[in-house]
Amino acid sequence: MHTLTIQTKPAYPVYIGSDLIRNTGSLVQNLGDFERVCVVTDDNVEKLYLQTVLDSFGEKVQTASIVIPHGEQSKCLASLGKLYDFFSEQKMTRSDLIIALGGGVVGDLTGFAASSFLRGVKYVQIPTTLLAQVDSSVGGKTAIDIPAGKNLVGSFYQPSAVLCDIDTLSTLSDTIFSDGCAEIIKYACIYDASLFDLIYQIHDRDILEKIITRCLEIKAEVVAEDEKDTGLRMILNFGHTLGHAVEKKYHFSTYTHGQGVAIGMVKITKLSEKAGLTAPGTVKKIAELCQAMKLPIDCEISNEELFDICCLDKKNLHHMIHLILLKEIGSCFIHKLSREEFSDFLNQ
Ligand code: GLY
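Residues numbered from 1 in each chain as written. Predicted model: local features only at pLDDT ≥ 70, side-chain atom pairs only at ≥ 80, totals over all residues. Heavy atoms only, no water.

1. Description of the sheet that holds strand β2 (residues 12-17)
Thinking step 1. Ordered by their spatial adjacency, seven strands build an open sheet running β1-β2-β9-β6-β5-β3-β4, and the pairing between neighbours is mixed. The open sheet terminates on both sides in strands that have one partner only, identified here as β1 (2-6) and β4 (62-68). The mean inter-strand angle of the sheet, taken between neighbouring strand axes irrespective of direction, is 15°.
Thinking step 2. Note: β2 against strand β9 (residues 161-165), four bridges, orientation parallel. Residue pairing for β9: Val14 is matched across the bridge by Val162.
Thinking step 3. Contacts from helix α8 (residues 205-225) reach β1, β2 and β9 within the one sheet, and its direction differs from that of β1 by about 15°. (Pairing = 2+ DSSP bridges. Helix = DSSP H or I, 4+ residues; strand = E, 2+ residues; numbered from the N terminus. Axes fitted to C-alpha atoms, helices over the stretch in contact; angles between N-to-C directions. Contact = heavy atoms within 4.5 Å.)

Dropping the structure here:
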């Protein structure tokens, strides 16, 4: 097992390894003297791991669980209300513990519920998808969707620990596994050229663990420097601005988040290479790796559609669009553009 520390205030551990879920109780025991533990999960993950998590606490702790339907539609106000009602029925106090067991939807929703119920109850993330393990479970971004857009209501609220049990990845479908690969390719592109080459061997179990650990080291460094996403952390959005536009154009139903990010990384790098801001040949390398990971690299979307959707992006600051571009594989920079400059960039 590897242990990383995320140096936020307070700092917290991320455990990466095998057979962690069965040891949840012992891995979290130093976080507090909890009387109650409430586990939030979805109806897919429930069947696989819920009982194991509950059993890991033994007799001394009262455990309870709530199961939400799987899928993005559960990341909503109605589900949030159900969690608050459930925590109230369970008489949860601030000295108890909430556990998010599942992928990004469960993690984001439960994190937001934990941050707001009683003005903050400790929570632990047990991510069971590759995407949640390498990205969304670490760093304290919590959110729900509202009719106006995805992740528009949320908070920065760090978990007290994250347990990345690699064994959970063996049950993922190819599509869900590829989804996580897109975020891994992102980390390599922005930060680590040697990670980029390693991704071709991701189906080797030991290499997979090495890759997840490296992604989390990068995330740890970035989040420690800029917890609230006002500077360096924006680099984690490489591929996300155009990727989000693709997801949105297709009503979040044709492309998964990872697929949108893959298309976004390729599109933005093609443009920045054309503008002479990125080393020639970079987009070819990204496209080849995305395809090897069974990710799409293009889709039907016009420059007008990209422009309109990106101008409404919640990540824009002071009406400037913050694009993350690569100098080359392993090195990136933030490129701020006005709307006019962004239009020229798209239409060069
Ligand atoms: N997923 C990007 C971030 O955590 O900032």
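Moving on from the coordinates now.
2. Remarks on the packing of helix α12 (residues 303-311) against helix α13 (residues 339-346)
Thinking step 1. Contact geometry for α12 and α13: axes closest at 10 Å, N-to-C directions at 150°. The orientation of α12 with respect to α13, classified from their angle, is roughly antiparallel. Both α12 and α13 take part in a crossing whose hand is right-handed. On the side of α12, the interface is formed by Asn303, Leu306, Phe307, Cys310 and Cys311, while α13 contributes Arg339, Phe342, Ser343 and Leu346.
Thinking step 2. Considered class by class, the residues forming the contact of α12 with α13 number six nonpolar, two polar and one charged. (Parallel < 35°, antiparallel > 145°, perpendicular 65-115°, else oblique. Left-handed = near helix turned anticlockwise from the far one by under 90°. Nonpolar A, V, L, I, M, F, W, Y, C, P; charged D, E, K, R; others polar.)

3. Focus: the side chain of Gln158
Thinking step 1. In this fold, Gln158 is placed in the loop between β8 (149-156) and β9.
Thinking step 2. Within the structure, the side chain of Gln158 is placed 2.9 Å from the backbone oxygen of Gly139, a separation counted as a polar contact.
Thinking step 3. Reaching out from Gln158, the side chain makes a polar contact with the backbone nitrogen of Gly140 at a distance of 3.2 Å.
Thinking step 4. The residues contacting Gln158, other than those within four sequence positions of it, are Thr8, Tyr12, Tyr123, Gly139, Gly140, Val223 and Glu227. (Polar contact = N/O pair within 3.5 Å; in protein donor to acceptor, adjacent residues only side chain to side chain.)

4. Examining the packing of aromatic side chains
Thinking step 1. Tallied over the full model, the rule gives six aromatic pairs.
Thinking step 2. For the pair Phe307 and Phe342, a centre-to-centre distance of 6.0 Å together with 20° between the ring planes defines the contact as stacked. Residue Phe307 is found in helix α12, and its partner Phe342 is found in helix α13; the two are separated by 35 residues along the sequence.
Thinking step 3. By relative accessible area, which is 0% here, Phe342 ends up buried.
Thinking step 4. By the ring-pair criterion, three or more aromatic residues cluster together here, those being Tyr84, Phe86, Phe87 and Phe117.
Thinking step 5. Sitting over the face of the ring of Tyr187, Lys186 holds its NZ or CZ atom 4.7 Å from the ring centroid. (Phe/Tyr/Trp six-rings, centres within 6.5 Å; stacked < 30°, edge-to-face > 60°. Buried < 20%, exposed > 50% of the residue type's maximum accessible area, 1.4 Å probe, protein only. Lys NZ or Arg CZ within 6 Å of the ring centre and 35° of its normal.)

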